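Fold and contact review
Listed below, chain by chain, are the residues.
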Amino acid sequence: MTRHPYLSPAPPRVLAHRGLVTAHDAALGVVENSFAAVAAAHAAGVEYVESDCHLTADGVVVLFHDDDLDRVAGDPRKISDVRLPELEELMADRGGLVTLPQALEAFPDVRFNLDVKAEAAAEPVGRLVAPHAARVLVTSFSDDRRRVALAAAVTAGASLPPATSPGSATVGRLVAAQALGLRRRVGRLLGGLDALQIPERQGPIRVVTRGLVRAAHAAGVEVHVWTVNDPADMERLLDLGVDGLVTDRADLALAVVNGR
């Protein structure tokens, strides 16, 4: 099977969740998903940055997790109701707003793992990442949004589609099929995927199992687990065979991975 260039070199991989690297980021004024966060992750030697995409009122794709500004800036408005200049002003002393085009151009050595959070952002995300598809993975909790973004990248002239990881509905069907021993269905569900990005548990349900990791690997699909911040958990999951750790503590994860 041909491995997507996003997944080179060989694993294991450290994915800085929202660009976060250390426990002291907030104290240093580095807010998640900000320009400063991505820059700090890059400076720390992180190759993969996980981030989220929303669309502003004037149609610009920005890296932002929530659909509103309340948690990050104390402003209750939705991202979709705020124009870019005002959003830049609000984020100026919080690490700086970063748009998707800025992130892709300013950090050419970073591989971006992009979660499309807003339906309106799906097509623009795909179009914008098209020239950078070899170092981008597109995912979403919604498989429909994910597919729209992938299709838009191809339509915009991407030489290959971005790498991709499934939405929550597909993950649910996959976990159920694996638990029931439906191997052919598991294989079909893994078809067309490059990575399976999942939590270790979802409530009482264990999602990451040795069997699921083996099934994914047999299909040529990597397994990345989120969000893993404890070194003991990192070691345990890597011993289980997972290929990537999505973490708020990229500093700890890098130490674990480099020490193996």
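Refer to the preceding data block for the structure.
Thresholds applied
Residues numbered from 1 in each chain as written. Predicted model: local features only at pLDDT ≥ 70, side-chain atom pairs only at ≥ 80, totals over all residues. Heavy atoms only, no water. Axes fitted to C-alpha atoms, helices over the stretch in contact; angles between N-to-C directions. Helix = DSSP H or I, 4+ residues; strand = E, 2+ residues; numbered from the N terminus. Parallel < 35°, antiparallel > 145°, perpendicular 65-115°, else oblique. Left-handed = near helix turned anticlockwise from the far one by under 90°. Contact = heavy atoms within 4.5 Å. Core = buried A, V, L, I, M, F, W, Y, C linked by side-chain atoms within 4.5 Å. Buried < 20%, exposed > 50% of the residue type's maximum accessible area, 1.4 Å probe, protein only. Pairing = 2+ DSSP bridges. Phe/Tyr/Trp six-rings, centres within 6.5 Å; stacked < 30°, edge-to-face > 60°.

All right, on to the packing of helix H7 (residues 168-179) against helix H8 (residues 183-190) then. In the contact formed by H7 and H8, the axes pass within 8 Å of each other and the chain directions differ by 155 degrees. Classified by the interaxial angle, the pair formed by H7 and H8 is roughly antiparallel. Both H7 and H8 take part in a crossing whose hand is left-handed. Side by side, H7 and H8 meet where Thr170, Arg173, Leu174, Ala177 and Gln178 of the first sit next to Arg185, Val186, Leu189 and Leu190 of the second.

To continue, consider the nonpolar core. Counting residues in each nonpolar core, the largest one holds 64 residues, and the members touching the most others are Leu100, Phe112, Leu114, Val125, Val129 and Val242. When residues in this core are grouped by element, the largest group, 5 residues, is from helix H11 (residues 250-258). Residue contacts for valine 242: discarding those within four places in its chain leaves Val208, Val213, Val223, Val225 and Leu237. Membership of the second largest hydrophobic core comes to 12 residues, among which are Val31, Val62, Val72 and Leu97.

Another point: the pairing of strand E1 (residues 13-17). Burial analysis of E1 places 5 of its 5 residues in the buried class, which makes it a mostly covered element. Side chains of E1 alternate between two faces, with Arg13, Leu15 and His17 and Val14 and Ala16 buried alike. Pairing between E1 and strand E13 (residues 244-247): 4 bridges, direction parallel. Its bridge partner lying in E13, valine 14 is registered against leucine 245.

Another aspect to go through is the packing of aromatic side chains. In the structure shown here, the tally under the stated rule is 3 aromatic pairs. Ring geometry for phenylalanine 35 and phenylalanine 107: centres 5.1 Å apart, planes at 45 degrees, overall tilted. Here the residue phenylalanine 35 occupies a position in helix H1 (residues 35-43), and phenylalanine 107 occupies one in the loop between helix H4 (100-106) and strand E6 (111-116), the gap between them amounting to 72 residues. With a centroid separation of 6.4 Å and 90 degrees between ring planes, the pair formed by phenylalanine 141 and tryptophan 226 is classed as edge-to-face. Highlighted residues: phenylalanine 141 in the loop between strand E7 (136-139) and helix H6 (143-155) and tryptophan 226 in strand E12 (residues 222-226), separated in sequence by 85 residues. When its relative accessible area of 44% is taken as the criterion, phenylalanine 141 is described as partly exposed.

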